[in-house]
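# Close look at the chain arrangement
If you want the building blocks of each chain, they are given just below.
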Amino acid sequence: MQLLWIDINSSYSHSSFALPAIEAQKEDNDGVVWNTVSATLHTDIATIVEEATRYCPDIITATAWLFNHNHLLEVISRLKSLFPKAIVLLGGPEFLGDNRDYLIHHSYIDAVFRGEGELEFHRWLKIIHSPNEWKQIKGLCYLTSEGVYHDNGICKIENFTALTPPENSSFFHWDKPFIQLETTRGCFNTCAFCVSGNDKPLRSLPVETIRKRLDKACEKGIRNVRLLDRTFNGNEARALQLLQLFEKYAGKICFHLEIHPALLTDKIKNLLIHISPLTLHLDAG
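Remember, it's a predicted structure, so these values are computed and weren't measured experimentally. (Residues numbered from 1 in each chain as written. Predicted model: local features only at pLDDT ≥ 70, side-chain atom pairs only at ≥ 80, totals over all residues. Heavy atoms only, no water.)

### Structural notes on unusual backbone geometry
Even without glycine at this site, Cys 56 takes up a positive phi of about 40°. A residue is classified by how much of its surface remains accessible, and Cys 56, at 45% relative accessible area, is partly exposed. Positive phi, close to 70°, is recorded for Leu 278, a residue that is not glycine. Among the structural elements, Leu 278 can be located in the loop between α8 (266–274) and β13 (280–284). Residue classification places Leu 278 among the exposed residues on the basis of a relative accessible area of 74%. (Buried < 20%, exposed > 50% of the residue type's maximum accessible area, 1.4 Å probe, protein only. Helix = DSSP H or I, 4+ residues; strand = E, 2+ residues; numbered from the N terminus.)

### Notes on helix α2 (residues 45–53)
Inspection of α2 places Ile 45, Ile 48, Val 49 and Ala 52 among the buried residues, and these make up the whole buried set. Mapping the buried residues of α2 onto a view down its axis gives an arc of 95°, with all of them on the same face. Residues of α2 that are buried in the fold lie against β1 (2–9), β2 (33–40) and α3 (69–82). In this structure Asp 44 caps α2, since a side-chain oxygen of it lies 3.2 Å from the backbone nitrogen of Ala 46. (Arc of directions from axis to C-beta. Contact = heavy atoms within 4.5 Å. Polar contact = N/O pair within 3.5 Å; in protein donor to acceptor, adjacent residues only side chain to side chain.)

### Some details on the sheet that holds strand β5 (residues 111–113)
Pairing is mixed across the open sheet formed by seven strands, whose spatial order is β2-β1-β3-β4-β5-β6-β7. The open sheet has two edge strands with one neighbour each: β2 and β7 (149–151). Put simply, the sheet's adjacent strands are angled 15° from each other on average, direction ignored. Judged from the four bridges that link them, β1 and strand β3 (residues 59–63) form a sheet pairing that is parallel. Among the inter-strand pairings, Leu 3 is bridged to a residue of β3, identified as Ile 59. Across the sheet, α2 is in contact with β1 and β2; its angle to β2 comes to roughly 165°. Across the sheet, α3 lies against β1, β2, β3 and β4 (87–91), angled at about 155° from β1, the strand it touches most. (Pairing = 2+ DSSP bridges. Axes fitted to C-alpha atoms, helices over the stretch in contact; angles between N-to-C directions.)

### A closer look at the sheet that holds β13
Either a parallel or an antiparallel arrangement is found when strands of a sheet pair, and the pairing is made through backbone hydrogen bonds. Strands sit in the order β8-β11-β12-β13 across an open sheet of four strands; the sheet is parallel. Because the sheet does not close on itself, it has two edges, and the strands there are β8 (179–182) and β13. Each adjacent strand pair in this sheet contributes to an overall mean axis angle of 25°, direction not counted. One ladder, built from three bridges, connects strand β11 (residues 224–228) with strand β12 (residues 254–259); its direction is parallel. The partner of Val 225 across the bridge, within β12, is Phe 255. Here helix α7 (residues 236–247) sits on the sheet in contact with β11, β12 and β13, set at roughly 160° to β12.

### Structural notes on the pairing of β1
Where burial is concerned, most of β1 is hidden: seven out of the eight residues are buried. Relative to β2, β1 runs parallel, the two being bridged by eight bridges. Its bridge partner lying in β2, Leu 4 is registered against Asn 35.

### Observations regarding the packing of helix α6 (residues 207–219) against α7
Packed helices, taken two at a time, are described by the angle between their axes plus the distance between the axes. Here α6 crosses α7 at 25°, and the two axes come no closer than 11 Å. Looking at the two axes, α6 sits roughly parallel to α7. At the point where α6 passes α7, the crossing takes the right-handed sense. Residue-level inspection shows Val 207, Ile 210, Arg 211 and Leu 214 of α6 in contact with α7, the latter providing Arg 238, Gln 241, Leu 242, Leu 245 and Phe 246. (Parallel < 35°, antiparallel > 145°, perpendicular 65-115°, else oblique. Left-handed = near helix turned anticlockwise from the far one by under 90°.)

### Here's the deal with the packing of aromatic side chains
Summed over all chains, the structure comprises 10 aromatic pairs. Cluster of aromatic residues (ring-pair linked, three or more members): Trp 5, Trp 34, Phe 121, Trp 124, Trp 134 and Tyr 142. Positioned above the aromatic ring of Tyr 12 is the side chain of Lys 176, whose terminal nitrogen or guanidinium carbon lies 3.7 Å from the ring centre. (Phe/Tyr/Trp six-rings, centres within 6.5 Å; stacked < 30°, edge-to-face > 60°. Lys NZ or Arg CZ within 6 Å of the ring centre and 35° of its normal.)

### As for the environment of Val 225
Inspection of the secondary structure assignment puts Val 225 in strand β11. On a C-alpha basis, the gap between Val 225 and Leu 181 in space is 6.8 Å, while along the polypeptide they are 44 residues apart. What Val 225 contacts, discounting residues up to four positions off in sequence, is Ile 179, Leu 181, Leu 214, Ile 253, Cys 254, Phe 255 and His 256.

### A look at the environment of Ser 130
The topology assignment puts Ser 130 in the loop between α5 (120–126) and β6 (140–143). Of the residues examined, Ser 130 reaches a relative accessible area of 28% and is grouped as partly exposed. In the structure, Ser 130 is positioned 37 residues away from Glu 167 in sequence and 32 Å away in space, judged by C-alpha atoms.

If you want it as C-alpha cells, here you go:
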C-alpha cells in the first residue's frame, strides 16, 4: 500500500513534526510504503496535486491546523476525486472537539483522529481494510457506511519516554533552519486559547535523554533548537537543570524557549543573567 502524507506548512522553514514522530514508531514491515509531499501556503494547489499523483496513494493523511486547513482540503478533495478508493485520515488540533458534523460535510474524508497518534496510527494501518474493527482504535472518529457516527474518545500516550524519537525517522528534516524538540507533553495551565490547555498529565523526558538527543543534533550541525515545552519554567528545578545543560552548547546551538514571566524565580533569573550570550531566544508571555 502506498501511504501519502500531505505536509503543508506556513513557510519553507517549517516541516511536519507529526510525520516523523509517527513513522518512527514503525516496528515491522507492514507492507506500507511511506511517501510525503511538502509544500507551503504559497505553493499552487495544482502543483501539489500534480506531485502527489506520482505516488498513486492508497492512503492519504495529513495534520490539519487552523492556518493550513482550507489549503489542505482543496488538495485532498482533488486527490480523492482522482483516487476514489484511497482512504483519507486527518489528525491535528482541528479535531479536538465533536467531529460528527465535520465528517458529514466532508464526505471524502473517511476518518479523523483526536489526540496523540504515534501508536494508534499503526494499529489502525493493520486493520485499515476492516472498518468494522475501527472501533478498537482510540481517538478515531468516523462514519460507518450506514452513516452511524463512532467517536472513540481521545488518545493519550501513557509512556511518553518510551517513544522512539522523531529524529530516528527518515522523514525528520535535518536540513531546515531549525529543529523541534519535544521535551514535555501536556500542560498544567488551563488557557482556553491553547490546544495544550488542561492537557494532563504533564509528562517530561529525563534530562539525560535530552542531552543525548542534543548531542546528535550538534553532530548534525543544527544551530537552532525550538523546545516544545508549553511552560518551560513551570517547574523551577527542571528549568534550572535544562538551562545548565543548554549552557554546555553555548556557541553551537541557540535554544528557543517559551517562558512565563510571573513564574520566574530568583534562581532562574540569576542563571538567565549569567548564561552565555546568543544561547537563548526567549518568548515571554
